[in-house]
Amino acid sequence: MLLRIQHIAIGCAVSLLVGLFFWPRGATAAVDRALAEAYRESARYLAGAVEYAVGRCGAEPVSADAALQERIEAAAAARRLDDAFRSYLAERGPKPVPLAEMTPLVTGIAGLRLATDAVLGLWQRAGTPRPAADRTGARLVLLGAVGRVSGWYRDLAAALRQDTPVGDPLPRNPVAEAELVESLRRELSDEHGQATDTAVRMIWTADHLDAARRLQPGLAAAAGG
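Residues numbered from 1 in each chain as written. Predicted model: local features only at pLDDT ≥ 70, side-chain atom pairs only at ≥ 80, totals over all residues. Heavy atoms only, no water.

Q: How would you explain the overall build of the protein chain if you had to name every residue and give the values?
A: The number of helices and strands found in the protein chain is seven helices and zero strands. From first element to last, N terminus to C terminus, the protein chain shows the α and β order α-α-α-α-α-α-α. Put simply, the protein chain has 225 residues, and 39% of those count as buried. Put simply, of all contacts in the protein chain between residues at least 6 apart along the chain, 80% involve residues at least 24 apart. Roughly 12600 Å² of accessible area belongs to the protein chain as shown, and the carbon and sulfur atoms make up 58% of that amount. (Helix = DSSP H or I, 4+ residues; strand = E, 2+ residues; numbered from the N terminus. Buried < 20%, exposed > 50% of the residue type's maximum accessible area, 1.4 Å probe, protein only. Contact = heavy atoms within 4.5 Å. Areas by Shrake-Rupley, 256 points an atom, 1.4 Å probe, with all protein chains shown as cover.)

Q: Summarise the pattern of salt bridges; cite the residues concerned and give the values.
A: This model, assessed by the stated rule, comprises eight salt bridges. Notably, a salt bridge pairs arginine 86 with aspartate 82, separated by 2.8 Å at the nearest N-O pair. Of this pair, arginine 86 and aspartate 82 are both found in helix H2 (residues 65-90), four residues apart, which corresponds to roughly one turn of the helix. Since its relative accessible area comes to 54%, arginine 86 is described here as exposed. Look at aspartate 82 and you get partly exposed, because its relative accessible area is 32%. Aspartate 210 is the salt-bridge partner of arginine 213, the closest N and O atoms lying 2.6 Å from each other. Note that arginine 213 and aspartate 210 are positioned in helix H6 (residues 197-214) at a spacing of three residues, about one turn of the helix. Assigned by exposure class, arginine 213 and aspartate 210 land together as buried. (Salt bridge = Lys/Arg side-chain N within 4 Å of Asp/Glu carboxyl O.)

Q: Provide a residue-level description of the side chain of histidine 208, including the pertinent values.
A: Assignment of secondary structure puts histidine 208 in helix H6. Residue class for histidine 208 comes out buried when judged on its relative accessible area of 18%. When sequence neighbours within four positions are dropped, the list of residues in contact with histidine 208 reads Ala115, Ala118 and Val119.

Q: For H6, give the residues involved together with the corresponding values.
A: Along an α-helix, a turn takes 3.6 residues, which lines up residues three or four apart on a common side. The first and last C-alpha atoms of H6 sit 26 Å apart over 18 residues, in line with the 26 Å expected at 1.5 Å per residue. Turning to H6, its buried residues are Thr198, Ala199, Arg201, Met202, Thr205, His208, Leu209, Asp210, Ala212 and Arg213. (Expected span 1.5 Å × (residues − 1).)

Q: Describe the environment of threonine 205, and please don't skip the residues or the numbers.
A: Positionally, threonine 205 belongs in helix H6. Residues threonine 205 and alanine 118, spaced 87 residues apart in sequence, show a C-alpha to C-alpha distance of 8.2 Å. With residues up to four places along the chain from it excluded, the contact list for threonine 205 reads Val50, Ala53, Val119, Leu122, Trp123 and Leu142. Within the structure, the side chain of threonine 205 is placed 2.8 Å from the backbone oxygen of arginine 201, a separation counted as a polar contact. (Polar contact = N/O pair within 3.5 Å; in protein donor to acceptor, adjacent residues only side chain to side chain.)

Function cannot be read off these values alone, since they describe shape.
Structure follows, in structure tokens:
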């Protein structure tokens, strides 16, 4: 009987030590996977929302179905991240990654999705654009900007998943900003001295994209970039 108790006690001690040694690392890996998925899906949602916006700049009707589906998928990934992070916080034992580094990465998802929600909502509320000057230049500027910004977030997702260095945050691009304004110059003041709704929305879209870009330095620092 005594021998049996000793075996049970030894088994419990070994299980406890193994759990304490391996769980924090496993929990961190689970959060990293959830972070990677959330940033990947949020980057996809950002790109889809701006592509929808650019499509709405023309006279032909464009469906928001694809962007709305991407929003659903990004929200689902964010909920999975929230669950993983809560489980990580609830577990006892040392945390291999300081909360000061982990928390900004988790909350950054909300900031990125808020900027994207703003873009989508802006264009969902828009009426049919009035015929105007060619907006090709402005559309290309927005597509180029979202390609760079969403690409950085996809790279962040890959770095978190693979535990590799994060790239440098994107700098502000005054040249692209000037190109956008110049391409919309004729629409920024109509016969009544007011800008057209479409031109204003395009400029606001660029501003929301820049808000997503401005999140990057804090995220790169938290991820060790």
